[in-house]
Amino acid sequence: MYGFAFYLSYPQSLSGQGEASLCKSKEERLLYEDSGGTTPHIKMLPNSKILQFLRSPPPALPPLPQAPNNIPTSPSPPILKQQCKFSRRDFTICSNSSLLLLLGSALVESRARAEEGSAVDADKTDGLQENAPPNCTAKAPTKRAFLDISIDGEPAGRIVIGLYGDDAPAGAARFSGLVSGAAGISYRRKEFVKIMPNYVQHGGVRSYGVDAELAKRTGSNLAAESLVTEWEKMNEKCPGTKNLAGSVGIVVRDPTKPPPKIKLVARGGKLEIDEEDVGADPNGTEFVITSKDSPELDTSTLVIGRVLEGMEVVEKIGQVKTVQENTGSPYFRVAKLIGDKRATVAERGFNRPYSKVLITNCGLIQ
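Residues numbered from 1 in each chain as written. Predicted model: local features only at pLDDT ≥ 70, side-chain atom pairs only at ≥ 80, totals over all residues. Heavy atoms only, no water.

Q: Help me out: how do you make sense of the pattern of salt bridges in this one?
A: Pairing between side chains of opposite charge can happen when the charged atoms of each approach one another. Taken as a whole and judged by the stated rule, the model has 4 salt bridges. The partner of K336 in a salt bridge is E347, with the nearest N and O atoms 2.5 Å apart. Highlighted residues: K336 in helix α9 (residues 330-338) and E347 in helix α10 (residues 341-349), separated in sequence by 11 residues. Since its relative accessible area comes to 40%, K336 is described here as partly exposed. Across the pair D340 and R342 runs a salt bridge, and its minimum N-O distance is 2.9 Å. For D340, a relative accessible area of 19% puts it in the buried group. (Salt bridge = Lys/Arg side-chain N within 4 Å of Asp/Glu carboxyl O. Helix = DSSP H or I, 4+ residues; strand = E, 2+ residues; numbered from the N terminus. Buried < 20%, exposed > 50% of the residue type's maximum accessible area, 1.4 Å probe, protein only.)

Q: Just checking my understanding: could you explain the nonpolar core for this structure?
A: The nonpolar side chains of soluble globular proteins are, as a tendency, buried together. One finds I149, F175 and F287 to be the most contacted residues of the largest nonpolar core, which totals 40 residues. The residues contacting I149, other than those within four sequence positions of it, are E154, P155, A156, G157, I159, F192, V313, I317, V357, L358, I359 and T360. (Core = buried A, V, L, I, M, F, W, Y, C linked by side-chain atoms within 4.5 Å. Contact = heavy atoms within 4.5 Å.)

Q: Please clarify how the packing of aromatic side chains should be interpreted in this entry.
A: Centre distance and the angle of the planes are the two values used to describe a pair of aromatic rings. Tallying each qualifying case throughout the model produces 5 aromatic pairs. For the ring pair F175 and F287, a centre distance of 5.4 Å and an interplane angle of 90 degrees mean the geometry is edge-to-face. Taken together, the positions of F175 in helix α5 (residues 169-180) and F287 in strand β10 (residues 287-290) put the pair 112 residues apart, joining distant regions of the chain. By relative accessible area, which is 0% here, F287 ends up buried. Taking 5.6 Å as the distance between ring centres and 55 degrees as the angle between the ring planes, the aromatic pair formed by F332 and F350 counts as tilted. Here F332 is found in helix α9, whereas its partner F350 is found in the loop between α10 and β12 (357-365), with 18 residues between them in sequence. When sorted by exposure, F332 lands in the same class as F350, which is buried. Members of the aromatic cluster, connected to one another through ring pairs, are F175, Y187, F192 and F287. (Phe/Tyr/Trp six-rings, centres within 6.5 Å; stacked < 30°, edge-to-face > 60°.)

Q: Whenever I open this one, the side chain of T285 confuses me. Can you help?
A: When you line up the elements, T285 lands in the loop between β9 (270-276) and β10. Of the polar contacts made by the side chain of T285, one reaches the backbone nitrogen of V205; its length is 3.1 Å. Only 2.6 Å separates the side chain of T285 from the side chain of N283, close enough to count as a polar contact. (Polar contact = N/O pair within 3.5 Å; in protein donor to acceptor, adjacent residues only side chain to side chain.)

Q: Help me understand unusual backbone geometry in this model?
A: Across the chain, the bulk of peptide bonds are trans and the bulk of non-glycine residues have phi less than zero. The phi dihedral of R189 is positive, around 70 degrees, even though this residue is not glycine. Mapped onto the fold, R189 is located in the loop between α5 and β5 (192-195). Even without glycine at this site, N351 takes up a positive phi of about 65 degrees. Tracing the backbone shows N351 in the loop between α10 and β12. According to the relative accessible area criterion, N351 is buried, its value standing at 13%.

Q: Got a minute to help me understand a nonpolar patch on the surface in this structure?
A: A contiguous nonpolar surface patch, about 510 Å² in accessible area, is contributed by I262, L264, L271 and I273. At the level of elements, β8 (261-267) and β9 are the ones that each hand at least two residues to the nonpolar patch. Examined against the element boundaries, L264 turns out to sit in strand β8. (Patch = residues over 30% accessible without salt bridge, like charges linked within 9 Å, V, L, I, M, F, W, Y side chains within 5 Å. Areas by Shrake-Rupley, 256 points an atom, 1.4 Å probe, with all protein chains shown as cover.)

If you want it as structure tokens, here you go:
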């Protein structure tokens, strides 16, 4: 490696020893003599200081501080040596005892879990029983009534009906009063007016004319308000289909009845809004007997009992020919749309039996 040194000549006014005295080092004097002491001269010489630095050994690093000797050190843990001598018999007894202890603890734990599981299952069962809806199909009859049926004057048989006096007291009392004649009027000599694929419907007694006069004499009330209230309670209590096969129910409302019309009426020199009922509500004496499950009747019928004997008689009634339903006719649709009364009269005749199906006799079975 080389260093660069720049030397300028000194003015000629300085001569001889004075000039040489300015060059203190040997290298400077050689440079001055080579230049003749007249002109500046630049020469590249090896730098002695750099060479000396490179050739010199690296400086020694200061020694690292050492830890003092008086610091206490933790003693190493003592090595314990224990010699255990077991005979084969002792080892066998010890292992068998350990196995028995493990089996015993496992058995106790499994029994405890089983007891906890049974307790939880019992709690769940109690909760389900408390929250479960009432069983509306397991009803016990309190009274029995009979109906003797004839078709076109020919006896068809007897139907025995069990009445739910505890579950539907108002409906059972109404039906038993009409069957026994205690209400002043009876189902005797009254006919079935509608035969459907799932049920047959009896026309009941009339709320006008002779039947109404006979009911007034005995103080009987043919209004269906109490029956409607009981029907509403049963719908809240028992969800699902209530008119199952073999059920007997009283028709308490007409679901096809249109809402009342609103009209203006002049009263006392003022116009008032009034509602006019369209059609008549059932009088609470019509009843139906189902041959199949009929959920369509749940919106209009209060179940009061079930058939105990004579379902074959109900099936005979269901086989009677009826007036064909003609609601799909365009003429009927137009007449119904414009409010023609002839369409209403014709609709009443649909599904009506051609033969006369009568109750020839009826009463309570003691």
